[in-house]
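Take a look at the letters that make up each chain.
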Amino acid sequence: MADEKIAVYFCDCGTNIAGKVDVDEVVKWAAEQPNVTVAREYKYMCSDPGQDLIKTDIKELGVTRVVVAACSPTMHEPTFRKAAADGGLNPFLLQMANVREHCSWVTEDPVEATEKAKRILSAQIHRLPFNEALQPIEVPVNPDVMVVGAGIAGIEAALKLADAGKKVFVVERDPSIGGHMAMFDKTFPTLDCSACILTPKMSALGKHPNITLMAYSEVTEVSGYVGNFKVKVRKKARYVDTDKCTGCAACTEACVVQKVRSEFDVGLGYRPAIYIPFPQAVPLKATIDPAKCLTLSKGKCAKQSCVPACGPGAIDFGQQDEQVELDVGAIIMATGFELFDCKREARYGYGRLANVITSLEFERLSNASGPTGGHIVMKNGEAPKSVAILHCVGSRDENYQEFCSRVCCMYSLKFAHLIKEHLPETEVYELYIDMRAYGKGYEEFYKRLMDEGVHFIRGRAAEVSDVAIAPEEEGRLVVKAEDTLLGIMRRLPVDMVILSAGLSPRRDAKEVAQTFGFGCSANGFYLERHPKLEPASTMTDGVFLAGACQYPKDIPDAVAQAGAAAAGALTFVNNPTVKVEPTISYIDPEKCSGCHICVGLCPHAAIQFNAEKEVAEVIEAACKGCGVCVAACGSNVPQQRGYLDKQIFAEIEGALAL
Amino acid sequence: MTLTYSYFPGCSSEATGKAYDISTRAVCDKLDIELKELPDWNCCGSTSYFSIRELESFGVSARNLAIAQEVGGMDLVATCSACYTILAKTNRYFAEDPVLHETINEALEAAGRTYDGNVNVRHILDVIVNDLGCETVAEKVTRRMTKLRVAPYYGCQATRPKGTFDDPEFPTSLDHLLEAVGAEPIYYPVKTKCCGGMLMMTQEDAALRLCHELLKCAQDNGADVIVTTCPLCEMNVEAYQKMVNKAYGTSFNIPVMYFTQLLGYALGVDSKALALQMQIVPVENVLAKVPA
Amino acid sequence: MVELETTQGVKTLHKIFLEDVYSIPGGEKIRLCQQCGTCSGSCPTAYLMDYSPREVIAAFRAGMLDRVLKSNTIWLCTSCYSCTVRCPAGIKVTDIMYELKRLAIKYKSWPSSSKNPAMSKIFIDHVHRFGRSYEAGVIGQFVLTQKPSLAWKFKGLGTKLFLSGRMPLLPKSIKGKDEFHKIIDLLATKEVSQ
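The rules behind the values
- Residues numbered from 1 in each chain as written.
- Chains lettered and ligands numbered in written order.
- Predicted model: local features only at pLDDT ≥ 70, side-chain atom pairs only at ≥ 80, totals over all residues.
- Core = buried A, V, L, I, M, F, W, Y, C linked by C-beta atoms within 7 Å.
- Buried ≥ 20, exposed ≤ 12 C-beta atoms within 10 Å, placed from the backbone.
- Helix = DSSP H or I, 4+ residues; strand = E, 2+ residues; numbered from the N terminus.
- Contact = placed C-beta atoms within 7 Å.
- Pairing = 2+ DSSP bridges.
- Axes fitted to C-alpha atoms, helices over the stretch in contact; angles between N-to-C directions.
- Domains from an automatic or database assignment.
- Nonpolar A, V, L, I, M, F, W, Y, C, P; charged D, E, K, R; others polar.
- Expected span 1.5 Å × (residues − 1).
- Arc of directions from axis to C-beta.
- Right-handed = clockwise from strand over helix to strand, strands pointing away.

1. Quick word on the nonpolar core
Generally speaking, nonpolar side chains in soluble globular proteins are found buried as a group. With 162 residues, the main nonpolar core has Leu-87, Val-150 and Cys-211 of chain B as its most contacted residues. A total of 9 residues in this core trace back to one element, the largest contributor, which is helix H9 (residues 204-220) of chain B. Contacts of Cys-211 of chain B, omitting those with residues within four sequence positions, involve Cys-195, Gly-196, Asn-236, Val-237, Tyr-240 and Val-244 of chain B. Residues Ala-153, Val-231, Ile-419 and Val-578 of chain A belong to the second largest nonpolar core, which totals 160 residues.

Now the structure itself:
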């Protein structure tokens, strides 16, 4: 230990460090410190020549420890450790001394900054002799991938992975895949029929030899770590034998309970108690709603007419949920969104005033396969002569959701077009604050709508009222808003109001995130690893994000992100092993008293209790090196490799040694 | 169990809002709610004070809170929605702004008082519906107002800006209370729309238009009577109906009363004790609909 | 109409006004206004205003103090708080209207058409004197000095109110007038918009 040869490199970082710290003085001082063989200054240590200095000194001077005084380890520790490795030195024998973010950038006085730089450097010089040459841990990787959620994002990710030759398990909570996109009428800006472009992908997924689809299923438990996830899935009972069911839908016509509010039609239409959600459902299998089926909920359906109606005899009232456990190497979350609950905006009258509808409800009205056969009608069955579309419902609002929901301006324009297409004589008003038409073809789409004679009013609707003060308002809905471009107050009498509601995170997003071991942002959506550079990954290795579950986005962006998530998953599952950082906890079985305290405290569930030996053991690949067990143990048994007590104390002594 | 409160009557209760004070006391007597009038209370400041002076208006309002703190151990209940909002606002700003708190306390100390911010300010509607409960009220009803269609007019300041005890746009506590006495609260979507307040004096065409909307909606939905929670609302909607009629060619003659007057009548208090004779628009038809 | 926004005097005044508004609790949120118009759309008297609440906020931020102080907007505010409840930026619009009223009185700038400043002044005079608002006195003084035509308009109503006991002619005073004045006097010295 006393014979270590420490090389000290002090980086100027241009003027970032050298502009505040007297580098000459520090380097001179460093050369005289214990165990220091060589002390050098360089302008940019992270550059190739800078790194070469390290490699050369290791080879030629037999350097055994290295400290690079420069920026934050988050920036360049991997860079310098790789340089050390290339030079033939174990990378964990190199430490960085952060004299930029911790010193030159935050200290005003140059004299104080120089003094502080010395202390920071001294801490590392004292610590280095206690560093150990750690070896990275390699764990095997299961090549299969799980995709949770099968809307457009989940479908795309699954198909990409399956086409790449991977085995994919797709878990979808609803009876059919397709998500929200299956409900839409046309999509902006191309006005493609949503189902027409989605169903080929749905069909491909259903048929793909590499994909195992578990629809009407939910993930109940996730354990493990990257490359080795163990996922428990509950396959909910459909009360229909899916091996026998051909999807002929005869049962749905025979069922005695015909009027259950259809989820697919957002409550505007009805379905029977035994149902297929929509004609293009994948898998095309019937499902019985246990809350509405008379047999299952009350034990008495005299006719049970579904049973004789079913040719293959697939009805099975005794069916049970099935639990399966799957091993996968990576997981992609694509659980989508919920629409903002418009009842919360009481001033718009949703739920109180007939003919105030949400965006999803309008999609179903406009859709030819919807509850009104594609006729845009009011509750009384008549076509509206005027429609107001209100932007930013629940969005950009401190009282509800602060964020902009991104897609609403575009879908509002789409609605205006659809109304003009179905009902050319109907007046359409768009009440907006800003028109956000940012994507490819979006601004052109906006212009098109202007050309179609839609009335654009810049002003956020203050309220929707049914109280008339003028004859033309009697019996109609009145939208009150300030036309901010004209500077006048307007009362618009209309027949129908469409609320362009924002996209919200799913109400169980937090619980789901917790189940899978990652977190949520402040706005409730899943938290990405980095908002700019890693939007499709989470902080948890091996778990990826795709689609609106990470943040509201349109279909092109969801598809793109799904591709990114699939590629991210492939970076793990395409390799036979994955390297795990060795700076993890180690519990000496000789010293552990088996008190269990650390087991419960570990936030990554990385400590298990070996009942036979009666000691706690660290699951190496799951340990993230957070240090909780090290701090919690009353007997000071767990030690974090690379952060041993003696290393920490040496740092403290080094910092105080001046 | 007797509920006890410090009672802030408000300046209107000595003049145009007298009936509110009288009926509130009568109702609380019947409901076993004890009201202890705040000793030597002063004007809450009203919206006018805030328009001219900021710190002084907080100080004027805070003296009442300081007295309430001295009396101690009870929530402070106001009947007038404006008094309620202003006292609650002072309370809230005290909590949010320590500099303001310190400045006002300095002034209070000059007067030999102090205020720590611990007094809860309540509205009488909140107290009856939430502390006592509609069920308890229903049990004490002796005259069920079964055929009576009532427009519940909350006004602006009972539930705005904070909506502490009910929704700022579509509150329901008064509706529930009316149901508890057997009456039928009508569909009244303008229930929290402004009556114009002080504008009736300074710019009456604006206030008349607002009152017209309130009266028309009540009439269109078949109201026999409008009940209010604020003396200014009551005045505007009741006393100026003739002026509304003149301006709009209507013929409104809708009785308006404080909700405590109607509640008191349901609880068996006689009309004199509820100051019903003080109403400008006669209320005999309303009372006639209720079984004696 | 030529705006005086470029003169140095107005610029300085604008700075002072901004500081005053920022000093009310939550006042600095005025910077977050998206100009969406919800406040104006919700306002029961906006249809009468020279400039809507939204425009007043925009004018205020731009330093166009003429518009802010000489318009009837702030004096038509009834304190219904609809704007405050609905503002998506969390701006306390009503409180800002109050602050602008105070600034208008301080700089003696309000439209001659508005009687509100006079009413408010008469109100607080009475509160000063009696510790309570004395309705007959306030209304009486207002009518006599500001709008004598009201005396004729309201004669029927006034009589009815008096006869039914809702308009006592004599004022009631609080006992603690001394301490009341002490509070007001001390705060008057600290008043920002003095």
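Alright, that's what it looks like, and here's the rest.
2. Thoughts on the sheet that holds strand S23 (residues 455-458) of chain A
Residues and elements named next belong to chain A. Reading across the sheet, the 5 strands line up as S20-S27-S21-S22-S23 and stay open at both edges, with parallel pairing between neighbours. The sheet is open, and its two edges are formed by strand S20 (356-358) and S23, each paired on a single side. This sheet shows a mean twist of 20° between the axes of neighbouring strands, independent of strand direction. Here S20 pairs with strand S27 (residues 496-501) via 3 bridges, running parallel. Residue pairing across strands places Val-356 opposite Val-497, the latter belonging to S27.

3. A short note on the domain arrangement of chain C
Domain boundaries in chain C define domain 1 (8-106) and domain 2 (116-190). For domain 1 of chain C versus domain 2 of chain C, the distance between C-alpha centres works out to 28 Å.

4. A closer look at the interface of chain B and chain C
Each side of the interface is counted separately: chain B has 52 residues, and chain C has 55 residues. Those elements giving two or more residues to the side of chain B that touches chain C turn out to be helix H2 (46-52), helix H3 (55-71), helix H4 (81-96), helix H5 (98-110), helix H8 (199-202) and H9 of chain B. Here the residues of the side of chain B that touches chain C are counted per class, giving 25 nonpolar, 15 polar and 12 charged.

5. Things to note about helix H10 (residues 231-239) of chain B
Summarising burial for H10 of chain B: 9 of the 9 residues are buried, a large majority. Along H10 of chain B, the positions that sit buried rather than exposed are Pro-231, Leu-232, Cys-233, Glu-234, Met-235, Asn-236, Val-237, Glu-238 and Ala-239 of chain B.

6. Topic: helix H2 (residues 48-61) of chain A
All names here are of chain A. Taking 1.5 Å per residue as the helical rise, H2 with its 14 residues ought to reach 20 Å, and the 19 Å between its terminal C-alpha atoms agrees with that figure. Every buried residue of H2 is listed here: Gly-50, Gln-51, Ile-54, Asp-57 and Ile-58. In an axial view of H2, the angular spread of the buried residues amounts to 120°, which keeps them on one side of the axis. Opposite the packed face of H2, turned more than 90 degrees from it, sit the exposed residues Asp-48, Pro-49, Lys-59 and Glu-60. The elements touched by buried residues of H2 are strand S1 (6-11), strand S2 (36-42), strand S3 (65-70) and helix H3 (73-87). Once H2 ends, the next one or two residues include Gly-62, with phi positive near 65°.

7. What to know about the environment of Leu-533 of chain A
Residues and elements named next belong to chain A. Note on placement: Leu-533 falls in the loop between helix H14 (509-516) and strand S29 (543-545). Classification of Leu-533 by C-beta neighbours within 10 Å gives exposed; the count is 8. Sequence spacing of Leu-533 and Leu-339 is 194 residues, and the spatial spacing of their C-alpha atoms is 28 Å.

8. What to know about the pairing of strand S5 (residues 149-153) of chain B
Put simply, side chains in a regular strand alternate between the two faces of the sheet. Residues and elements named next belong to chain B. With 4 of 5 residues buried, S5 lies mostly within the body of the structure. Bridge analysis of S5 against strand S6 (residues 184-185) gives 2 bridges, and the strand direction is parallel. Paired with Val-150 across the bridge in S6 is Pro-185. Crossover S5 to S6 through helix H7 (residues 173-180) is right-handed. Sheet analysis places S5 next to strand S7 (residues 225-228), joined by 4 bridges and oriented parallel. The residue bridging Tyr-153 from the neighbouring strand is Thr-228, located in S7.

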